[in-house]
Amino acid sequence: MAEAHSAVAFSFSITHEGWDVNFDREVLHLVWASGIRSWKKRLARFKNNVRNGVFPAPLQSLWAMMGIVLALRYANNTFIKYTDIILQYLPGTSYIWQIVSCFILSLIFWLILIYMVRYTFKIMLMYKGWMYESRGGNKVSLQTKLWGLGVKLLSSKSKPLLYSYQGSLPKLPLPPVNQTMKRYLKSVRPLMNDSEFESMIKLANEFEDGIAVKLQRYLWLKSWWSSNYVSDWWEEYVYLRSRTPLIVNSNFYGTDAIMLHSTSIQAARAAMIIWQCLQYRRLIERQELEPIRVQGLVPLCSWQYERIFNTTRVPGAVSDKIVHYNDSRHIVVYHAGRYFKVIIYSQNRILHPCEIEEQIQSILDNTEKPYVGEEKVAALTAADRTHWANTRTQYFFKGINRQSLDAIEKAAFVVTLDEVPYEYDPENSKKLDEFGRILMTGKGYDRWFDKSFTLCIGSNGRVGFNAEHSWADAAVMSHLWEFIIFDEAKKSGYQENGHTKGTPELEPPKPIRLQWNLEPVLEAIEKSYQVSLALVKDIDLRILAFSDYGKGFMKTAKVSPDAFIQMALQLAYYRDAGKFSLTYEASMTRLYREGRTETVRPCTLESSTWVKSMLDPNVDTNKRITLLREACATHQRGYQDAMCGKGIDRHLFCLYVVSKYLEVESPFLNKVLSEPWRLSTSQTPHGQTTQFDLRKYPNCISAGGGFGPVANDGYGVSYIIAGENLVFFHISSKKSSPHTDSSRFAVRITEALNDMKSLHDDWIRSTKQPSS
């Protein structure tokens, strides 16, 4: 193979005349450049680690401390004794060694002061009272005002790097068992009749008074010892040990800014988005990406960002593992059933968009046929994990299959150049539905589902992504996607003809066709493909663009927009199913170190009471409004509790894991952990970047993204409040279930939202005083 020969730096032979050594200067230069780049990155990491280690104090404060110690040394005779103590352990007593002793003393004082400031900052970040005072029109207390001033003063002395706050973030608190039990029993009350609820109370009491004491003791030890008592077990047992296919069941997707169509040239748009991804990766590597701070003050954990790029999920017979590489100089592109390795660095720099466009266009122009089995090989990553692990061990551990698999798994990310357009038409909703379905599943074999994310490019230049879920939560991918959309709009990197701006300054490296020997693997590939194909055919996806009103009106109703939408979903589900169901809403716990998610349970006593009032003609408007506000307030409080480590489900999950380690059966935990989430919901966050400005760039509105249903007879609903008058809902379900229908549920959501608007309007009219 030509690419194999080019990888050899030198060769030699032995003749009767002696040694004959031939060096490949170009390859040696590449090796040298790669080493230099690696060492530069190591030095940059070391420098950043030092800065993060002393944050929130700037490094320059060391020299200020040195100046103070020197001044005291020569201005105050009583201070000399402190430096003399250090001088005793130095080789000499000359003027130079006196300066050294002053430096050592100033370093000691400086480190003591630094750690006092850091721990003070950490203690201040443990305070969560601001969470409950910042919304709903409540008056902010003096305590919170003073706390906010202190946090601002401590964190404003130095510009933070991406990981600057990591050492100051508090650990996720472990709630007492009795509090979790009270919250749990209250959350399931609207889902059970009296006899069922009495049985559940009995099980809960037996658990709390019995084995829970021992389980909590072990969990307390883990919470004290580890950075986060939930995250590692959550990653391991919920994601990596799952044997179910990633497609539909785990991976999620995100869509383009559908109201903005920068170019219809596929190679140009692909090049620009690839380049922007690489710019974002560089910001992460240099830690120049600004960490997110809630209300511009309270930092969120940035731990998950490290694994956005150069990361893959490797299958195992029992448990998968996440493998992250420190660096990658290439991406892998899939087009028309073929895989290409594309080098994205040359002459010690990232290629320009116009240079990447040449590479992408050469792939599109390539007319070679796929190797046998190559077109559908990624179906192995979509289906059963144990089957993929066994196949990988048997057929991908040596030879050209190993080399090609390495190229994919070690790539920064994977790009798929689809041969179909991604379309959006406000007059034809089915086109947007198909847009989402293509991104969610593709054909079942044209996304590398193991990679941290696959960038998908439609033939008309629209884009999206499919992301693996175990390495991070959707908010991290949303941050990347938001950066890309706004950066692209701001820089306007396209010519009038649709191609990228600029002229190539060098001839970019040619894409390298990956080689395969897949004839022995055809049966395994086909088996996986049939599994993924069944899931593709069974998914029912509907994307609802609700434009009657949005965040603007919800705020006038004086309730949280998220709570407003959750109540609409409760009303819609009750009308659709004729009953209430256990409802999942994802909330983040990134106010704590290595925090991921917690569950909010939107189906509450208050929400169910309000839903029933909407179906009872005897309940008047004022009562319904009062019940709605009570339900929204309860939901908002539950959301705040979840963010502050006072959730229900992660605590119970960890107690369950401990019980399995101890081989102790708990009827209560078994029942709780087996309850199906028939309505699984999540809000797609936006506004995470400082450049987010819809007033300046009104067309940079993403339709958000979605995921598959958690239960076979349930719905998966993701939504994004895209503007003052626009909300997108991504509604998924299984066609095989007779109880669900995504289109029907979309209608129910629309009806619920319109009924809530009418309810508010009727209330306004009824309370409006007649003019005199």
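Not measured: the values here are computed from a predicted model. (Residues numbered from 1 in each chain as written. Predicted model: local features only at pLDDT ≥ 70, side-chain atom pairs only at ≥ 80, totals over all residues. Heavy atoms only, no water.)

Bringing the confidence of the model for the chain into the picture now. Of all residues in the chain, 93% have pLDDT values of 70 or greater, and the mean over the chain is 90. Under a pLDDT of 50 for its full length, residues 1-10 has, in the predicted model, 18 contacts with residues more than four places off or in other chains. (pLDDT = per-residue confidence, 0-100. Contact = heavy atoms within 4.5 Å.)

Here we come to the nonpolar core. One recurring pattern in soluble globular proteins: nonpolar side chains tend to sit buried together. By size, the foremost hydrophobic cluster in this structure holds 118 residues, and its most contacted members are Tyr305, Ile308, Phe413, Phe453, Leu455 and Phe668. Ranked by the residues each element gives to this core, the list is headed by helix H11 (residues 266-285), at 12 residues. When residues no more than four places from it in sequence are discounted, the contact partners of Tyr305 are Leu162, Tyr163, Tyr280, Ile284, Leu289, Ile292, Val476, His479 and Arg590. With 42 residues, the next largest nonpolar core counts Ile565, Leu571, Val611 and Cys632 among its residues. (Core = buried A, V, L, I, M, F, W, Y, C linked by side-chain atoms within 4.5 Å. Buried < 20%, exposed > 50% of the residue type's maximum accessible area, 1.4 Å probe, protein only. Helix = DSSP H or I, 4+ residues; strand = E, 2+ residues; numbered from the N terminus.)

This part is about unusual backbone geometry. Positive phi values are uncommon outside glycine, yet Ala336 reaches one of about 50°. Looking at where Ala336 falls in the secondary structure, it is placed in the loop between strand S8 (330-335) and strand S9 (338-343). Judged by relative accessible area, which is 24%, Ala336 ranks as partly exposed. Phi at Gln347 is positive, roughly 55°, even though this residue is not glycine. Among the structural elements, Gln347 can be located in the loop between strand S10 (345-346) and strand S11 (349-350).

Here the focus is the pattern of salt bridges. A full pass over the atoms with the stated rule returns 38 salt bridges. In this structure, the salt-bridge partner of Arg513 is Glu368, at a minimum N-O distance of 2.5 Å. Residue Arg513 is found in strand S15 (residues 512-513), and its partner Glu368 is found in the loop between helix H12 (353-365) and helix H13 (379-382); the two are separated by 145 residues along the sequence. A relative accessible area of 42% places Glu368 in the partly exposed class. One salt-bridge network, in which partners are shared between bridges, spans Arg243, Arg313, Asp320, Arg385, Asp450 and Glu468. (Salt bridge = Lys/Arg side-chain N within 4 Å of Asp/Glu carboxyl O.)

Moving on, we get to the environment of Met259. Here Met259 is to be found in the loop between strand S3 (252-255) and H11. Spatially, the C-alpha atoms of Met259 and Asp425 are 9.6 Å apart, while their sequence positions differ by 166 residues. Residues contacting Met259, with those up to four places away along its chain left out, are Asn699, Ile701 and Leu726.

Right, let's talk about the packing of helix H20 (residues 561-577) against helix H22 (residues 621-643) for a bit. The packing of two helices is summarised by the inter-axis angle and the distance between the axes. Following both chains from N to C, one finds H20 and H22 inclined at 115°, their axes separated by 9 Å at the closest point. Considering only the axes of H20 and H22, their crossing is right-handed. The residues of H22 that touch H20, namely those facing Asp562, Ala563, Phe564, Gln566 and Met567, are Leu628, Ala631, Cys632, His635 and Tyr639. In the contact of H20 with H22, the residues fall into 7 nonpolar, 2 polar and 1 charged. (Axes fitted to C-alpha atoms, helices over the stretch in contact; angles between N-to-C directions. Left-handed = near helix turned anticlockwise from the far one by under 90°. Nonpolar A, V, L, I, M, F, W, Y, C, P; charged D, E, K, R; others polar.)

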